[in-house]
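# What the coordinates show
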Amino acid sequence: MLNKRVKSRIFFLSFFFFIAVLIIFFTLKSLQDNVVYFFSPTEIHNKSEISFNKKIRIGGLVKMGSINKEGNMINFIITDLKNEIAVSYSGLLPNLFSEGKGVVAEGKLNDKKYFIANKILAKHDENYMPPEVSKVLEKSN
Amino acid sequence: MLKNFFPNKILSINHQLINGLIILMIFIILFGLAYSLFLSPEDYIQGDSVRIMYVHVPSSFIALGIFALIGTGSILNLIFKIKIMPLITKSLAPIGSIFTLISIVTGSLWGKPTWGIWWVWDARLTSMLILLFFYLSYVLTWKFIKNFEKANKISSIIGIVGLINLPVIKYSVDWWNTLHQPSSITLTSAPTIHHTMLVPLLIMLAGMIVYSLIVFLMKYKTELIKFKLNKNKKK
């Protein structure tokens, strides 16, 4: 079954497949900033070149106790447990937006510590459980 | 076992097999739907909107799984030139495309109440859309290229290149920051879904797999008949 013709077909196929994988790998690597959907506060903190008037997205957790509503505006802090960015936003909030839960904010950076959002999305994690189970887990923590 | 896929046998077992499978599927899906919609609990964060998961997740698994089969079949086809292989992959493609579409649509319906948005261009969603494009190219290649061998070669290349997209889809939520959450069911760690929700999910997956098998067998039977007719014409 593994005669010369089959062997040469395997060789060419593997070669072209390998080249295709390389092309896709380098394309995705060079597009890095565009493939990620958001930056964490730490990534913003470490970034060497940021344009402060470009549309950008920041994601992380809403810091517990940081939500502050003043009339139309809401102020809160996005944290990744290592760095923080303060966000202010006026507009509709998704249902799942709450303290201690994930959030992605889209808008413009004023400076590395302060962000003005024009869109807020709630991000939920991969855990699924009934409410009773989560209450039991909270108690044991 | 491969003998069962050869033209004579497959045409004779198909009829009762398909009817049996249809009845099996109806039972599994009815049970799965009752469990998903009524018997399973609501989620501690998402409430009842989590129930779309019972259609969205199995569809996504099947969409990826079927393309993995098509890609593998395409590799075997180009290397070993097994005659019935293109008929198998050709018969898998339509149902795979449908489940990719279902995954994207149900995902979108799930995203609006939970994330607050119908669609984002994050790595997971974008790569699933790319999978849909690969599926559609595969199906349309067979539809519009009249020469069998030419269609076979082009579609096999599409299948093989599309294989590269599969690990990208699967690991997109780990490699990059995405809005889509990380995987809850993995091969290497315990599931992060509570068992009262995992069980209906697996039941729905089983039912949808049986459904895919039914559609595949029906199309495969047609393709075999067409293949045999063409062979006789050439003689």
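Residues numbered from 1 in each chain as written. Chains lettered and ligands numbered in written order. Predicted model: local features only at pLDDT ≥ 70, side-chain atom pairs only at ≥ 80, totals over all residues.

Another aspect to go through is the overall build of chain A. Per the secondary structure count, chain A includes four helices and six strands. Tracing chain A from N to C terminus, the helices and strands come up as α-α-α-β-β-β-β-β-β-α. In summary, chain A has a C-alpha radius of gyration of 23 Å against a globular reference of 14 Å for 141 residues, an excess of more than 25%. The dimensions of chain A, computed from C-alpha atoms along their principal axes, are 75 × 45 × 25 Å. Counting every position in chain A, which comprises 141 residues, the buried fraction comes to 25%. Here the analysis covers contacts within chain A between residues at least 6 apart in sequence; of these, 48% occur between residues at least 24 apart. (Helix = DSSP H or I, 4+ residues; strand = E, 2+ residues; numbered from the N terminus. Rg over C-alpha atoms; globule rule 2.2 N^0.38 Å. Buried ≥ 20, exposed ≤ 12 C-beta atoms within 10 Å, placed from the backbone. Contact = placed C-beta atoms within 7 Å.)

Along chain B, the regular secondary structure elements total six helices and zero strands. Scaling as 2.2 N^0.38, a compact globule of 235 residues should have a C-alpha radius of gyration of about 18 Å, and chain B matches this with 19 Å. Here the C-alpha coordinates of chain B stretch approximately 65 × 40 × 30 Å along the principal axes. Within chain B, counting contacts between residues at least 6 apart in sequence, those at least 24 apart form 77% of the total.

Here we take up the interface of chain A and chain B. Opposite the 32 residues of chain A that make contact, chain B presents 35 residues. Within the residue set of the side of chain A that touches chain B, elements represented by two or more residues are α1 (4-30), β6 (114-123) and α4 (131-140) of chain A.

Moving on, we get to α1(A). Its 27 residues give α1(A) an end-to-end C-alpha distance of 39 Å, which sits within 8% of 39 Å, the value for a rise of 1.5 Å per residue. The buried count for α1(A) comes to zero of 27 residues, which makes it a mostly uncovered element. (Expected span 1.5 Å × (residues − 1).)

Residues and elements named next belong to chain B. At a minimum axis distance of 9 Å, the contact between helix α4 (residues 123-144) and helix α5 (residues 148-175) shows a crossing angle of 165 degrees. On the basis of the axis angle, α4 is roughly antiparallel to α5. For the crossing formed where α4 meets α5, the hand is left-handed. Where α4 abuts α5, its residues A123, R124, S127, M128, I130, L131, F134, S137, Y138, T141 and W142 lie against A151, I154, S155, I158, G159, G162, N165, V168, I169, S172 and V173. Tallied by class, the residues present in the contact of α4 with α5 amount to 13 nonpolar, eight polar and one charged. (Axes fitted to C-alpha atoms, helices over the stretch in contact; angles between N-to-C directions. Parallel < 35°, antiparallel > 145°, perpendicular 65-115°, else oblique. Left-handed = near helix turned anticlockwise from the far one by under 90°. Nonpolar A, V, L, I, M, F, W, Y, C, P; charged D, E, K, R; others polar.)

Positive phi outside glycine occurs at L81(A), with the angle close to 70 degrees. Position of L81(A) relative to the elements: it lies in the loop between β3 (73-79) and β4 (84-90). Since 11 C-beta atoms lie within 10 Å of it, L81(A) is described here as exposed. A positive phi is found at K81(B), a non-glycine position, where the angle reads about 50 degrees. Assessed through the 13 C-beta atoms surrounding it within 10 Å, K81(B) is described here as partly exposed.

This part covers the environment of K119(A). Among the secondary structure elements, K119(A) is positioned in strand β6. Residues contacting K119(A), with those up to four places away along its chain left out, are E106(A) and G107(A).

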